Amino acid sequence: GESVGLHLPTLSVQEGDNSIINCAYSNSASDYFIWYKQESGKGPQFIIDIRSNMDKRQGQRVTVLLNKTVKHLSLQIAATQPGDSAVYFCAGTYNFNKFYFGSGTKLNVKP
Amino acid sequence: ETGVTQSPTHLIKTRGQQVTLRCSSQSGHNTVSWYQQALGQGPQFIFQYYREEENGRGNFPPRFSGLQFPNYSSELNVNALELDDSALYLCASSTPPRTPDFGPGTRLTVT
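Here's a quick rundown of the structure. Predicted model, so just to flag it, every value in this text is computed and none were measured. (Residues numbered from 1 in each chain as written. Chains lettered and ligands numbered in written order. Predicted model: local features only at pLDDT ≥ 70, side-chain atom pairs only at ≥ 80, totals over all residues. Heavy atoms only, no water.)

## Considerations on the overall build of chain B
For step 1, the next point in the chain: Scanning chain B from terminus to terminus reveals zero helices and eleven strands.
For step 2, the next point in the chain: Listed by position from the N terminus, the elements making up chain B come as β-β-β-β-β-β-β-β-β-β-β.
For step 3, the next point in the chain: Here the C-alpha atoms of chain B give a radius of gyration of 13 Å, agreeing with the 13 Å that 2.2 N^0.38 yields for 111 residues.
For step 4, the next point in the chain: If one aligns the C-alpha atoms of chain B with their principal axes, the spans along those axes are about 35 × 30 × 25 Å.
For step 5, the next point in the chain: Per-residue burial for chain B yields a buried fraction of 50% across its 111 residues.
For step 6, the next point in the chain: Sequence-distant contacts in chain B: of pairs separated by 6 or more residues, those separated by 24 or more amount to 52%.
For step 7, the next point in the chain: If you sum the accessible surface of chain B, you get close to 5,300 Å²; carbon and sulfur atoms cover 48% of it.
For step 8, the next point in the chain: Side chains of chain B carry 8 positive and 9 negative charges; the gap between the two charge centres is 3 Å. (Helix = DSSP H or I, 4+ residues; strand = E, 2+ residues; numbered from the N terminus. Rg over C-alpha atoms; globule rule 2.2 N^0.38 Å. Buried < 20%, exposed > 50% of the residue type's maximum accessible area, 1.4 Å probe, protein only. Contact = heavy atoms within 4.5 Å. Areas by Shrake-Rupley, 256 points an atom, 1.4 Å probe, with all protein chains shown as cover. Lys, Arg positive; Asp, Glu negative; His and termini not counted. Charge placed at Lys NZ, Arg CZ, Asp CG, Glu CD.)

## As for the interface of chain A and chain B
For step 1, the next point in the chain: Contacts between chain A and chain B engage 19 residues on the former and 21 residues on the latter.
For step 2, the next point in the chain: Buried area between chain A and chain B, both sides added, is near 1,400 Å², and the carbon and sulfur share of it is 55%.
For step 3, the next point in the chain: If you look at where chain A meets chain B, you find zero salt bridges.
For step 4, the next point in the chain: When contributions to the side of chain A that touches chain B are tallied by element, the ones reaching two or more residues are strand 4 (32-38), strand 5 (45-51) and strand 10 (99-101) of chain A.
For step 5, the next point in the chain: It is strand 4 of chain A that provides the largest number of residues to the side of chain A that touches chain B, a total of four residues.
For step 6, the next point in the chain: For the side of chain A that touches chain B, the residue count by class is nine nonpolar, six polar and four charged. (Buried area = accessible area lost by both parts, 1.4 Å probe. Salt bridge = Lys/Arg side-chain N within 4 Å of Asp/Glu carboxyl O. Nonpolar A, V, L, I, M, F, W, Y, C, P; charged D, E, K, R; others polar.)

## Observations concerning the state of the cysteines
For step 1, the next point in the chain: All told, the structure shown has two disulfides over all chains when counted by the stated rule.
For step 2, the next point in the chain: A sulfur-sulfur separation of 1.8 Å characterises the disulfide bridge that pairs C23(A) with C90(A). On the S-S bond that ties C23(A) to C90(A), the torsion sits near 55°, and the link is right-handed. One end of the pair, C23(A), is in strand 3 (residues 19-25); the other, C90(A), is in strand 9 (residues 86-93), with 67 residues separating them in the sequence.
For step 3, the next point in the chain: What makes C23(A) buried here is its relative accessible area of 0%.
For step 4, the next point in the chain: Using a relative accessible area of 0% as the deciding quantity, one classes C90(A) as buried.
For step 5, the next point in the chain: Covalent S-S linkage joins C23(B) and C91(B), the inter-sulfur distance amounting to 1.8 Å. Here the S-S torsion is close to -60°, and the disulfide linking C23(B) with C91(B) is therefore left-handed. Of this pair, C23(B) sits in strand 3 (residues 19-24) while C91(B) sits in strand 9 (residues 87-94), and the two are 68 residues apart along the sequence. We note that C23(B), like C91(B), is buried. (Disulfide = S-S within 2.5 Å.)

## Section: the environment of S52(A)
For step 1, the next point in the chain: Within the secondary structure layout, S52(A) lies in the loop between strand 5 and strand 6 (56-58).
For step 2, the next point in the chain: Apart from the residues within four sequence positions on either side, S52(A) is in contact with S30(A), D31(A), L66(A) and K68(A).

## With respect to the sheet that holds strand 7 (residues 64-68) of chain B
Residues and elements named next belong to chain B.
For step 1, the next point in the chain: Spatially, 1-3-8-7 is the arrangement adopted by the four strands of the open sheet, whose pairing is antiparallel. Of all the strands in the sheet, the pair left with one neighbour each is strand 1 (5-7) and strand 7. Ignoring strand direction, the axes of neighbouring strands in this sheet form an average angle of 20°.
For step 2, the next point in the chain: In this structure, strand 3 lies alongside strand 8 (residues 74-78), joined through five bridges in antiparallel fashion. Pairing of C23 across the sheet is with S74, part of strand 8. (Pairing = 2+ DSSP bridges. Axes fitted to C-alpha atoms, helices over the stretch in contact; angles between N-to-C directions.)

What follows is the structure in structure tokens.
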């Protein structure tokens, strides 16, 4: 079946540094990807998305990169802040039928 | 925060019992999906409803069932509860191809 997984379960960064969270997916038919942030006791919160016909998309302090050749996407967070501490999930879908989530990466931001 | 609400917030049930979880979708959203998130893992797709009809299902047994009502609110029913059903249950609403908005979840504990 389809899987979307992450390389690193935990990432610790210093406040102000840039963070990079990686994700691999297995289904080459996936045409849409989302990064979600989940804080303790809360539901996933949308961060940024990207369609399969793009290789890069930028938001406020965040950038998502998509490499369809190796089925890999990453989330870059610039100038990481303590409020960025959370678990980050990537999710993929084909035609918005169902979303497959990775297991998550916990981001710890040290002051 | 999204406009998706879920009730109850927390619930404790005994093995073998039945449970109903509720979700109120964001206004204007015609699609609702349910996810199970075990501790330390990513959300797993249970099923999706579009205009009161199930239009996608993940790898969950038939004792997991759902309903979507004309006002697009939704229920998740789980019969014959098992210990492994203990998890955070997330509801997400959307109008595809828009990104799903997640609710805060219901924490179910089965003892």
